[in-house]
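Here is how the chains run, residue by residue.
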Amino acid sequence: RAKHNGRACACFFNAEMDSSARDRRQIERDLREAVAAGDIGLVYQPLVAAQTGRITSAEALARWTHPVKGPIRPDVFIALAEECGIIDQLAEQLLRQACVDARNWPADVRVAVNLSPLQFVSGKLVETVGAALAASGLCPSRLQLEVTEGLVIRDVERTFDQLEALRSLGIQILIDDFGVGYSSLSYFQRFPFDKVKLDRSFVEQVTQSQAARAIIQAVVGLGAQLGMAVVAEGVETHEQMEALVAMGCTHLQGYLFSRPLPVTTLCAMLESQRSVVPRQDSQAA
Ligand code: C2E
Ligand code: MG
Ligand code: MG
Ligand code: MG
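Quick caveat: nothing in here was measured; it's all calculated off a predicted structure.

J.: Which residues make up the environment of Ser168, and what values go with them?
T.: You can see Ser168 is positioned in helix α5 (residues 156–168). The class for Ser168 is exposed, based on a relative accessible area of 62%. On a C-alpha basis, the gap between Ser168 and Pro140 in space is 9.7 Å, while along the polypeptide they are 28 residues apart.

J.: Pulling in residues and values, what's your account of the site of ligand 1?
T.: Residues in contact with ligand 1 amount to 23 residues; listed here are only the nearest, Arg63, Asn114, Asp176, Glu236 and Tyr255. Between ligand 1 and the protein, one listed contact pairs a nitrogen atom with a side-chain N or O atom of Arg200 at 3.0 Å. In isolation ligand 1 has 810 Å² of accessible area, and contact with the protein removes 84% of it. Spatially, ligand 1 is embedded in the largest pocket. Sorting the residues of the shell around ligand 1 by element identifies β2 (55–66), α2 (74–83) and β6 (172–178) as the ones contributing at least two each. Considering each element in turn, the shell around ligand 1 owes the most residues, 4 residues, to β2. Here the shell around ligand 1 is composed, by residue class, of 9 nonpolar, 5 polar and 9 charged.

J.: Residue-level account of α5, with values.
T.: Each turn of an α-helix holds 3.6 residues, which means side chains three or four residues apart point in the same direction. Compared with an ideal rise of 1.5 Å per residue, which puts 13 residues at 18 Å, α5 spans 18 Å between its outermost C-alpha atoms and is within 8% of the ideal. If you check which residues of α5 are buried, you get Thr159, Phe160, Gln162, Leu163 and Leu166. Viewed along the axis of α5, the buried residues span an arc of 155°, placing them on a single side of the element.

J.: Now, about the packing of helix α4 (residues 125–136) against α5: what can you tell me, with residues and values included?
T.: Where α4 contacts α5, the axes come no closer than 9 Å and their chain directions differ by 20°. Taken together, the axis directions place α4 and α5 in an arrangement best described as roughly parallel. In this structure, α4 crosses over α5, and the sense of that crossing is right-handed. Contacts between α4 and α5 involve Leu125, Val126 and Val129 from the first element and Gln162, Ala165 and Leu166 from the second. Here the contact of α4 with α5 is composed, by residue class, of 5 nonpolar, 1 polar and no charged.

J.: Tell me about unusual backbone geometry, residues and numbers included.
T.: Positive phi is not limited to glycine here, since Asp177 has a value of about 50°. In this fold, Asp177 is placed in strand β6. Given the relative accessible area of 27%, Asp177 is considered partly exposed.

J.: An account of the packing of aromatic side chains is requested, with residue identities and associated values reported.
T.: What describes a pair of aromatic rings is the distance from one ring centre to the other and the angle between the planes of the rings. One pass over the full model with this rule turns up 7 aromatic pairs. Ring geometry for Phe160 against Phe191: centres 6.3 Å apart, planes inclined by 40°, an arrangement best described as tilted. Of the two residues, Phe160 is situated in helix α5 and Phe191 in the loop between α6 (184–190) and β7 (195–198); the sequence distance between them amounts to 31 residues. Exposure remark for Phe191: the relative accessible area of 0% places this residue in the buried category. Note on Phe188 and Phe193: the rings are 5.9 Å apart at their centroids and 80° apart in plane angle, and the pair reads as edge-to-face. Following the ring pairs from residue to residue traces out a cluster consisting of Phe160, Phe178, Tyr187, Phe188, Phe191 and Phe193.

Rules used throughout
Residues numbered from 1 in each chain as written. Chains lettered and ligands numbered in written order. Predicted model: local features only at pLDDT ≥ 70, side-chain atom pairs only at ≥ 80, totals over all residues. Heavy atoms only, no water. Helix = DSSP H or I, 4+ residues; strand = E, 2+ residues; numbered from the N terminus. Buried < 20%, exposed > 50% of the residue type's maximum accessible area, 1.4 Å probe, protein only. Near = heavy atom within 4 Å. Polar contact = N/O pair within 3.5 Å; in protein donor to acceptor, adjacent residues only side chain to side chain. Areas by Shrake-Rupley, 256 points an atom, 1.4 Å probe, with all protein chains shown as cover. 1 Å grid on protein atoms, 1.4 Å probe; cavity = no way out; pocket = protein on both sides within 12 Å on 5 of 7 lines; lining within 4 Å. Sits in = over half its atoms within 2 Å of the grid points. Nonpolar A, V, L, I, M, F, W, Y, C, P; charged D, E, K, R; others polar. Expected span 1.5 Å × (residues − 1). Arc of directions from axis to C-beta. Axes fitted to C-alpha atoms, helices over the stretch in contact; angles between N-to-C directions. Parallel < 35°, antiparallel > 145°, perpendicular 65-115°, else oblique. Left-handed = near helix turned anticlockwise from the far one by under 90°. Contact = heavy atoms within 4.5 Å. Phe/Tyr/Trp six-rings, centres within 6.5 Å; stacked < 30°, edge-to-face > 60°.

Structure representation (structure tokens):
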């Protein structure tokens, strides 16, 4: 099918690159507009306590439906927002929305918000978070912030200072997608995270792979030594759930329990949980 002609191939290739670069610039413009218009929304995925099955928190996940292209994956548009310098603006909107939403939930349910590593660069993060809490009236102990292992992109000390300042407000700091990045273990020496979210890739393999089980077991053991609960994300089957609970994961998140939900659906779920299931513990996740 392809012509064995270098020039023809090169031309075709360049034309395609051109159109994808144009496409990309268009999406970038659309994203800027969507952020300016406040069109990026949030859905919430419940986390349940392994012991009680109760929803103890929900993770806020960003959603954008492009007017022409339809839903764009959040890892894609978050990366785009980072590249075109609007991540702080977008993140502040989402954080404020999450705090306002969570304000209406039962007081023993927390909300988890993902942070981009770039949000540690401006030096304004602590102030932004404090302002979002104050504006919503959400108690800081009900906010969790999820950071990834790629967290330290500039100044290590400044990053950890900000984490400490956030924590001293009463916020919990979680490390997300644990086990797939770099320099993860050394972070624990520098900063005591409240919880570790084990990457989905280990959870996916838990029933088939001895290596995955050994890694999970090691993370749970490390967590126990350092006072960090271990959360499993991406739990899709009963078999995975049973294995993870047996290994000591305290909280579970995944399609087995619930997909990410519109806030109204989550609220209805929390309401029925409140009225039907007797409260067994007053500690949120
Ligand atoms: P994450 O923070 O690790 O979020 C978990 C992702 O796993 C979510 O994908 C969720 O829908 C998905 N997930 C949950 N349970 C299951 C399951 O059982 N099976 C499978 N296959 N997937 C499951 P989502 O919503 O597409 O988000 C992808 C990533 O985009 C997030 O990963 C996070 O890194 C980023 N992201 C999403 N929203 C935000 C945000 O507001 N700010 C920032 N900075 N990043 C965000
Ligand atoms: Mg997360
Ligand atoms: Mg994750
Ligand atoms: Mg992830």
